[in-house]
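What the coordinates show
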Amino acid sequence: MSERFTKGMARNIYVGGGVFSLLLLLSLTFHTVSALPERDHRENLTPQVALGKKVWEDNDCIGCHTLLGEGAYFAPELGNVYQRFGDSTETIAMCIRSRPAEGIPGRRSMPQFNLSDEELNAISEFLKWTSEINTNDWPPNIEG
Amino acid sequence: MGREFLEQPTITKVGIVIVVLGFIFNIGMTVLSGRKTVVSVVLLTGLVGLAVFFLFSFYNPDNLVLDKYFWWWVVHLWVEGVWELILGAILAFVLIKVTGVDREVIEKWLYLIIAMALITGVIGTGHHYFYIGTPEYWMWLGSIFGALEPIPFFMMTLFAFNMVSRRRREHPNQAAVLWALGTAVMAFLGAGVWGFMHTLAPVNYYTHGSQITAAHGHMAFYGAYVMIVLTIISYAMPILRGQGNAASAGAQRVEKWAFWLMTVSMVVITLALTGAGVLQIWLQRMAEEPMSFMATQDSITFFYWLREAAGLGFLIGLVLYVYSFFVGKATTPARSAA
Ligand code: HEM
Ligand SMILES: [Fe+2]
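I will try to describe carefully the structure that is included in this document. (Residues numbered from 1 in each chain as written. Chains lettered and ligands numbered in written order. Predicted model: local features only at pLDDT ≥ 70, side-chain atom pairs only at ≥ 80, totals over all residues. Heavy atoms only, no water.)

Here we look at the packing of helix α3 (residues 64-99) of chain B against helix α9 (residues 211-240) of chain B
Residue and element names in this part refer to chain B. Here is the rule we go by: The axes used here are C-alpha line fits, helices contributing only the stretch in contact, and every angle between their N-to-C directions lies in the interval 0 to 180 degrees. A run of H or I in DSSP counts as a helix once it spans at least four residues, and a run of E counts as a strand once it spans at least two, with each numbered from the N terminus. For any pair of crossing helices, the crossing counts as left-handed if the nearer helix is rotated counterclockwise from the farther one by less than a right angle, and right-handed if it is rotated clockwise. Whether two residues are in contact is decided by their heavy atoms: any pair within 4.5 Å suffices. Residues were grouped as follows: Ala, Val, Leu, Ile, Met, Phe, Trp, Tyr, Cys and Pro as nonpolar; Asp, Glu, Lys and Arg as charged; and all remaining residues, including Gly, as polar.
Close contact between α3 and α9 brings their axes to 10 Å; oriented N to C, the two are set at 35 degrees. The chirality of how α3 crosses α9 is left-handed. Contacts between α3 and α9 pair Val79, Trp83, Glu84, Leu87, Ile90, Leu91, Phe93, Val94, Lys97 and Val98 from the former with Phe221, Ala224, Tyr225, Ile228, Thr231, Ile232 and Tyr235 from the latter. Taken together, the residues of the contact of α3 with α9 sort by class into 14 nonpolar, one polar and two charged.

Right, here's the structure in full:
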């Protein structure tokens with residue numbers, strides 16, 4: 001590198017660029033957070049939906065599934081499972097309830113979690129709520 | 001609990017914070033009482049940044065969109081932000097030591113690399129805000145800044161090869177030199193090339209959460225953050241063990257074999273997962289009559305077997321690597337080398 005470009009200049013680009021970028025991220029974050037209510041329909045975020053998120057986390061569903069594209073890629077995307085199951089929370093609950101305890105031979109199969117009815121309803125409502133977030137039209141089709 | 005990468009129960013997270021703070025205190029006091037170089041200050045800045053961003057792991061709101069938004073402040077702002085400071089600092093340190101190139105030159109490079117890392121990577125967080133409920137303008141910001149993110153990794157490759165070709169001495173620890181060059185190349189391939197592949201919003205629309213993501217994650221993590229750790233171990237271990245500046249020629253030969261086995265295996269793993277990803281996207285997301293996730297997975301098992309085989313190759317490389325520490329203990333090389 002040329003001699004005229006000094007270490008001091010390089011340091012100024014680092015400090016200035018870094019601080020500027022962080023401040024820009026902070027202000028964009030501020031804007032995003034204030035714009036989110038329009039997109040995440042939080043008015044529908046009931047205590048039941050919140051409980052559903054807790055059930056989702058306590059049972060480590062993300063250890064196999066993806067949710068809005070993040071997770072383990074081992075089992076189907078669930079951000080749109082509500083639509084895939086014909087707009088039905090009952091079907092979601094039934095599907096989770098009816099997993100065979102010994103699994104299905106020769107195939108990836110979901111465990112039996114022995115959830116209570118309250119938990120089953122909550123997780124289904126959570127997945128319904130998630131499916132109604134405005135995700136810029138993702139996933140590309142119903143298969144997720 | 002129950003969030004990807006942040007699975008630790010809260011009590012464990014608190015434990016992590018305590019251990020990290022203790023570690024930073026130790027390093028910090030060491031740096032403060034010794035010579036404060038650019039390298040050590042950048043390293044310390046990266047470590048403090050690591051601790052600060054980990055604090056966002058304690059924030060877990062009921063609102064999934066907010067949860068995801070700040071989850072990425074740990075995940076992305078670590079690997080494409082503050083960790084790059086740590087990576088750059090360790091690489092710069094080892095290059096100073098093994099090439100003998102003037103510290104001024106190396107520090108100038110380091111500043112420029114981390115400047116580009118922050119300028120591209122901080123707003124580049126937006127490449128995770130395309131399809132999780134966040135506003136549309138992130139598609140532009142994430143695509144543009146994401147597309148620039150390979151620059152610091154490319155600079156690291158130029159940096160490493162330039163310094164080694166301008167070396168003022170032949171350091172006896174050629175294994176460490178190999179690791180330093182290797183991490184620069186593999187970080188560029190895994191983070192830079194495989195990252196660029198899916199960082200544009202219209203591409204990510206199809207690749208998001210597919211095996212392409214897994215392919216990229218594997219190579220980027222190995223190339224940048226596994227290999228830099230193995231680089232500094234390779235450099236420091238002989239010194240710590242009182243073997244002089246380098247392990248014996250025999251041990252280095254084994255270590256180099258381990259390097260190639262692990263690295264080539266990781267390339268095959270990445271290619272296999274990329275093949276799986278391309279097919280998955282084609283069958284499940286682009287076809288006229290898309291297949292279900294499970295049916296798609298059944299059609300791409302060939303690539304998973306390939307990935308499994310390469311994983312075994314990697315494991316053998318790892319065993320060989322550990323074994324290299326026990327080779328040729330009796331014949332320590334000359335201690336006089338610079
Ligand atoms: C060493 C640096 C990097 C590491 C360790 C790394 C690692 C990862 C990992 C593990 C994920 C998956 C996260 C998840 O579970 O959802 C990911 C996602 C992603 N990375 Fe990187 N990455 C690095 C650098 C980059 C760079 C430089 C770019 C862009 C040029 C990039 C672009 C992306 C994108 C677009 C995704 C999202 C994939 C998706 O939509 O599913 N990464 N990265
Ligand atoms: Fe990222």
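Having put the structure on the table, let's press on.
So, the site of ligand 1
Residue and element names in this part refer to chain B. Just so we agree on the cut-off: The criterion for a residue being near a molecule or strand is simple. One of its heavy atoms has to lie within 4 Å of it. Counting of polar contacts relies on pairs of N or O atoms within 3.5 Å, with two restrictions inside protein: one atom must be capable of donating a hydrogen and the other of accepting it, and residues adjacent in sequence are counted only when both atoms are side-chain atoms. Cavities and pockets were defined on a 1 Å grid built over protein atoms only: a cavity is a set of grid points that admits a 1.4 Å probe from which the probe cannot escape, a pocket is an open set flanked by protein on both sides within 12 Å along at least five of seven lines, and lining residues are those with an atom within 4 Å of any such point. By definition, a pocket or cavity contains a molecule when more than half of the molecule's atoms lie within 2 Å of the pocket's grid points.
Around ligand 1 there are 28 residues in total, and Glu4, His208, Gly209, Thr213 and His216 lie nearest to it. With respect to ligand 1, the side chain of asparagine 204 contributes an N or O atom lying 2.8 Å from an oxygen atom. Measuring from an oxygen atom of ligand 1, one finds a side-chain N or O atom of threonine 213 at 2.7 Å. Of the pockets mapped on this structure, ligand 1 occupies the largest pocket. Elements with a contribution of two residues or more to the shell around ligand 1: α3, α6 (150-165), α7 (174-197) and α9. The leading source of residues in the shell around ligand 1 is α9, at seven residues. Residue composition of the shell around ligand 1, by class: twelve nonpolar, twelve polar and four charged.

Considerations on the nonpolar core
Stated formally: Buried Ala, Val, Leu, Ile, Met, Phe, Trp, Tyr and Cys residues that are joined via side-chain atoms within 4.5 Å together make up what is termed a nonpolar core. Only protein chains enter the calculation, and the probe is 1.4 Å; a residue is then buried if its accessible area is under 20% of its type maximum, exposed if over 50%, and partly exposed in between. Where each domain begins and ends is defined by an automated method or by a domain database.
A:Trp56, A:Leu127, B:Leu95 and B:Phe159 are the most contacted members of the largest nonpolar core, which has 96 residues in total. In terms of domain composition, this core takes at least three residues from each of domain 1 (1-170) and domain 2 (172-338) of chain B. What A:Trp56 contacts, discounting residues up to four positions off in sequence, is A:Cys61, A:Ile62, A:His65, A:Leu67, A:Leu78, A:Ile123, A:Phe126 and A:Leu127. Of all hydrophobic cores here, the second largest spans 24 residues; its members include B:Ala214, B:Met219, B:Met262 and B:Tyr304.

Quick look at the interface of chain A and chain B
Under the convention used in this document: Once two parts are joined, some of their accessible surface, as seen by a 1.4 Å probe, is lost; buried area is that loss totalled over both. Salt bridge, as used here, is a side-chain nitrogen of Lys or Arg placed within 4 Å of a carboxyl oxygen of Asp or Glu.
Contact with chain A, which involves 59 residues of that partner, is made by 65 residues of chain B. Across the interface of chain A and chain B, roughly 5400 Å² is buried in total on both sides, 65% from carbon and sulfur atoms. One can count five salt bridges joining chain A with chain B. The partner of B:Glu136 in a salt bridge is A:Arg39, with the nearest N and O atoms 3.6 Å apart. Taken together, the connections running from chain A to chain B amount to 26 residue pairs in polar contact (both at pLDDT 80 or more). Of all elements in the fold, only α1 (7-35), α2 (37-40), α3 (47-58), β1 (66-67), β2 (70-71) and α6 (117-131) of chain A reach the threshold of two or more residues within the side of chain A that touches chain B. Here the element with the most residues in the side of chain A that touches chain B is α1(A); it accounts for 18 residues. Looking at the side of chain A that touches chain B residue by residue, the class counts come to 28 nonpolar, 17 polar and 14 charged.

Here's the deal with the packing of aromatic side chains
All names here are of chain B. The test is simple: Two aromatic rings, drawn from Phe, Tyr or Trp (for Trp, its six-membered ring), form a pair once their centres lie within 6.5 Å of each other, and the interplanar angle then sorts them: stacked below 30 degrees, edge-to-face above 60, tilted otherwise.
Tallying each qualifying case throughout the model produces 33 aromatic pairs over all chains. Between phenylalanine 56 and phenylalanine 70 the ring centres are 6.0 Å apart and the planes differ by 5 degrees, which places this aromatic pair in the stacked class. Linking phenylalanine 56 in the loop between α2 (38-54) and α3 with phenylalanine 70 in helix α3, this pair joins segments that are 14 residues apart in sequence. Measuring from ring centre to ring centre gives 5.5 Å for tyrosine 222 and phenylalanine 314, while their planes differ by 80 degrees; the resulting arrangement is edge-to-face. Taken as a pair, tyrosine 222 in helix α9 and phenylalanine 314 in helix α12 (residues 301-324) lie far apart in primary sequence, 92 residues in all. A single burial state applies to tyrosine 222 and to phenylalanine 314, both of which are buried. Among the aromatic residues, those joined into a cluster by ring pairs are Phe53, Phe56, Tyr59, Tyr69, Phe70, Trp73, Tyr129, Tyr137 and Trp138.

Some thoughts on the coordination of the iron ion (ligand 2)
Residue and element names in this part refer to chain B. To keep things clear, this is the line we draw: Coordinating donors are taken as N, O and S atoms within 2.8 Å of the metal, stretched to 3.2 Å for Na, K and Ca; because water is absent from the atoms, sites can appear incomplete.
Within the first shell, the iron ion (ligand 2) binds the protein through His76 (ND1), Glu80 (OE), Glu80 (OE), His127 (NE2) and His128 (NE2), at distances of 2.1 to 2.7 Å. Taken in chain order, the donor set of the iron ion (ligand 2) reads H-x3-E-x46-H-H. Taken as an interatomic distance, the gap from the iron ion (ligand 2) to the iron atom of ligand 1 is 4.3 Å.

Comments concerning the coordination of the iron atom of ligand 1
In this structure the iron atom of ligand 1 is ligated by exactly one protein donor, B:His216 (NE2), at 2.0 Å. Mapped onto the elements of the fold, B:His216 is located in helix α9.

Re the pattern of salt bridges
If the charged atoms of two oppositely charged side chains come close together, the side chains can form a pair. Scanning the model with the defined rule gives 13 salt bridges over all chains in all. Residue B:Arg103 pairs with B:Glu107 through a salt bridge whose shortest N-O separation is 3.5 Å. Of this pair, B:Arg103 and B:Glu107 both sit in helix α4 (residues 103-124), four residues apart, which is roughly one turn of that helix. With relative accessibility at 24%, the residue B:Arg103 sits in the partly exposed group. B:Arg167 is paired through a salt bridge with B:Glu170; the nearest N and O atoms lie 2.7 Å apart. Residue class for B:Glu170 comes out exposed when judged on its relative accessible area of 55%. One salt-bridge network, in which partners are shared between bridges, spans A:Lys7, B:Arg103, B:Glu104 and B:Glu107.

So, the layout of surface pockets
Any space left empty among the atoms is revealed by the rolling of a water-sized probe across them. Our working definition: Grid points are joined across faces, edges and corners, and a volume is the space filled by probe spheres set on the points.
Within this model, the largest pocket holds a volume of roughly 1100 Å³. Along the wall of the largest pocket there are 44 residues; nearest its centre are B:Phe5, B:Trp72, B:Val75, B:His216 and B:Gly217. Mapped by element, the contributors of at least two residues to the lining of the largest pocket are β2 of chain A together with α3, α6, α7 and α9 of chain B. For the lining of the largest pocket, the per-class residue count stands at 23 nonpolar, 16 polar and five charged. Domain assignment of the residues forming the lining of the largest pocket places at least three in each of domain 1 (1-170) and domain 2 (172-338) of chain B.

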